[in-house]
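Take a look at the letters that make up each chain.
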Amino acid sequence: MHLDDVWLRYHRGAPWVLQAVTARVEPGGIVVVLGRNGAGKSTLLQLIAGVLRPTRGRVTDRPAVVGWVPERSPADQTGTVTGYLSAMAAVRGLRPAAATRAVDEWVQRLGLGGFRDVKLPELSKGTAQKVGLAQALLAPPDLLILDEPWEGLDAATRDLVPGIVLEVVARGGSVLVSDHRGETVRLPGAATWTVADGTLATAAPDTGQRCVVEVAVEAADLADAVARLREQGHQVLRVREEVGS
Amino acid sequence: MIALARMRLHGFVRTGRAVAPLIAALAVLSILYGGGQAEAREAYGVSALVVFPLLAWQTKILLDVEPDVQRRLARVALGSARHEIVAGLLAAAAAGLGTIAVALAVPWISGGVKTGPDSLPRILLIGLGVHLLALGPAVALGALSSRAVTRTAGTGAAVLVTGSVLAIVLGLQGSPAPWLVPPLMAATRFTTSGGSTLTALTLTAHAALWTAATAWAYAHLRRTRT
């Protein structure tokens, strides 16, 4: 799939959100999209998903089956979890028996079994996010687009996401994922796209093996410790307060 | 595409949003048929005219039920912007057929019409035809006023009201530009004064062209305003 000199703005006269973006997503590739809040990550992902049309330029060779998990799943609509997922499976063209199998599989895998008959507006943010993840996977996607997929998920489901990504890649599909939590360190061999000031900088996958080391420091030394690690070329993924200390 | 149309129709009914236009239709039809018996053929012509803004409003409500993000998800799931747009129009047309069925049945239930010189099947056929002439343009106008295009409730209401008023005003006899609006008034005149088969075909072609042009404008705006 190619993005060929893509420009996008939301209406005439508005500032450009994306400018002269040229990039390629290889089959079987994982791309992590990085950037600060409001940089245009979600816009870029929606452009690739086919939700938005470029104002200039072209997006070509988009795979036939695209799964898109938006940043916020639309929970403010009627129906139960099973009803919604079954309807979305039908929209994806699955026959009733295949739709039932797909819904059952993802309800089980994502731990939604206890929420089958719960109405969508009654779901917590995290459970709604799981439903959003499930709808994108009902038909095995050739291109899976995850916009901050770890947001609101419990630890058990967060751990499932890298496995799901690797399954898609193993089938020859591609995955794009935006992340500001540092969770994408668990996606080996991912290329990195950084969105800043409307432009896109791409970096090839890091071929060297990387490890995650958890280090505890005194709160008073935190800023110095983080600064020293960064000076030494290490990537600080996140800082958290130790609970119960 | 049919599955998405069904999903949207279910959402329209299950959220209870279908109730308001149905009550409005019943109220308008009660007023229309409350003043004594009229000839059914003529009454159906007026009925189609007054039901037109209701059908357009109903279409706007149906298309606005779905959250914006869900509409985008549907587009990705279908893999086609065109199919997603057509699915919405199909759902609105199906809902409109339900309202038309009510509009055709109410006068007989309430005793507000008499058959006149025409047979009942012929009257029902003319009634269905004249309401269908209103359905296409109403769905197209309602779609054009939906949130996906107009973005704000005020603009949506303005498009809906302006379109409905112009359809009547520019359709009056002696209008300088009757071709700018769907042939609702002309269809009403056809049912009251009669006309040839050629007139009926011309009215049908006019309504179909107006529907196609407005639906094209809707689709174009939808593709540029996500």
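These figures come from a predicted structure and were not determined experimentally.

Caption draft 1: Inspection of the interface of chain A and chain B at higher detail. Contacts between the two partners involve 22 residues from chain A and, on the opposite side, 19 residues from chain B. Taken over both partners, the interface formed by chain A and chain B buries close to 1,900 Å², and the fraction arising from carbon and sulfur atoms is 68%. Joining chain A to chain B, the criterion identifies zero salt bridges. Inspection of the chain A/chain B interface yields three residue pairs in polar contact (both at pLDDT 80 or more). Broken down by element, the side of chain A that touches chain B gets its largest block of residues, five residues, from helix H2 (residues 81-91) of chain A.

Caption draft 2: The arrangement of the sheet that holds strand S2 (residues 18-24) of chain A in detail. All names here are of chain A. Reading across from one edge, S2-S1-S4 is the order of the three strands in this open sheet, with antiparallel pairing throughout. Two strands in the sheet have a free side with no partner beyond their single neighbour: S2 and strand S4 (56-60). Within the sheet, the average angular offset between the axes of one strand and its neighbour, ignoring direction, is 20°. As paired strands, strand S1 (residues 2-8) and S2 are joined by four bridges and run antiparallel to one another. Pairing of Val6 across the sheet is with Val21, part of S2.

Caption draft 3: Spatial organisation of the packing of aromatic side chains. Residue and element names in this part refer to chain A. One pass over the structure, following the stated rule, counts one aromatic pair over all chains. Judged by centre distance (5.2 Å) and plane angle (75°), the ring pair of Trp7 and Trp16 falls under edge-to-face. Looking at Trp16, the relative accessible area reads 21%, which means it is partly exposed. Here Arg9 stacks its cationic end above the ring of Trp16, 4.3 Å away from the centre of that ring. Positioned over the ring face of Trp7 is Arg56, at 5.0 Å from the centre of the ring.

Caption draft 4: How the structure looks around the sheet that holds strand S7 (residues 174-178) of chain A. Residues and elements named next belong to chain A. The mixed open sheet is built from six strands, whose spatial order is S5-S6-S7-S3-S8-S9. The strands lining the two open edges of the sheet, one partner per strand, are strand S5 (66-69) and strand S9 (199-203). Across the sheet, the mean angle from the axis of one strand to that of its neighbour is 15°, orientation sign disregarded. In the sheet, strand S3 (residues 30-34) pairs with strand S8 (residues 191-196) via four bridges, with the strands oriented parallel. When the bridges of S8 are listed, Val31 appears paired with Ala191. Sheet strands in contact with helix H4 (residues 125-137) are S5 and strand S6 (143-147), and its direction is about 170° off that of S5.

Conventions we followed
- All chains use their own residue numbering, which begins from 1 and follows the written sequence.
- Think of it this way: whatever chain is written first is A, whatever ligand is written first is 1, and the rest follow in order.
- Local features in this predicted model are restricted to residues of pLDDT 70 or higher, and side-chain atom pairs are both shown and tallied only at a pLDDT of 80 or more, whereas totals for entire chains, interfaces and linings draw on every residue.
- Side-chain numbers here rest on the full set of heavy atoms in the structure, without hydrogens or water.
- Here a residue-residue contact requires only that any non-hydrogen atoms of the pair lie within 4.5 Å.
- When two parts are put together, the accessible area they lose, computed with a 1.4 Å probe and summed over both, is reported as buried area.
- The term salt bridge refers to a pairing of a side-chain nitrogen on Lys or Arg with a carboxyl oxygen on Asp or Glu at a separation within 4 Å.
- The term polar contact refers here to a pair of N or O atoms within 3.5 Å; inside protein, the definition further demands a hydrogen-donor-capable atom paired with an acceptor-capable atom, and it admits residues adjacent in sequence only when both atoms are side-chain atoms.
- The helix count covers DSSP runs of H or I at least four residues long, the strand count covers runs of E at least two residues long, and both are numbered beginning at the N terminus.
- Any two strands between which DSSP finds at least two bridges are classified as paired.
- Axes here refer to lines fitted to C-alpha atoms; in helices the fit is confined to the stretch in contact. Angles between the N-to-C directions go from 0 to 180 degrees.
- The criterion for an aromatic pair is that two Phe, Tyr or Trp rings (for Trp, the six-membered ring) have centres within 6.5 Å, with stacked assigned to planes under 30 degrees apart, edge-to-face to planes over 60 apart and tilted to the rest.
- Three exposure classes are used, based on accessible area relative to the maximum for each residue type with a 1.4 Å probe and protein chains only: buried under 20%, partly exposed in between, and exposed over 50%.
- Our definition puts a charge over a ring when NZ of Lys or CZ of Arg is within 6 Å of the ring centre and also within 35 degrees of the ring normal.

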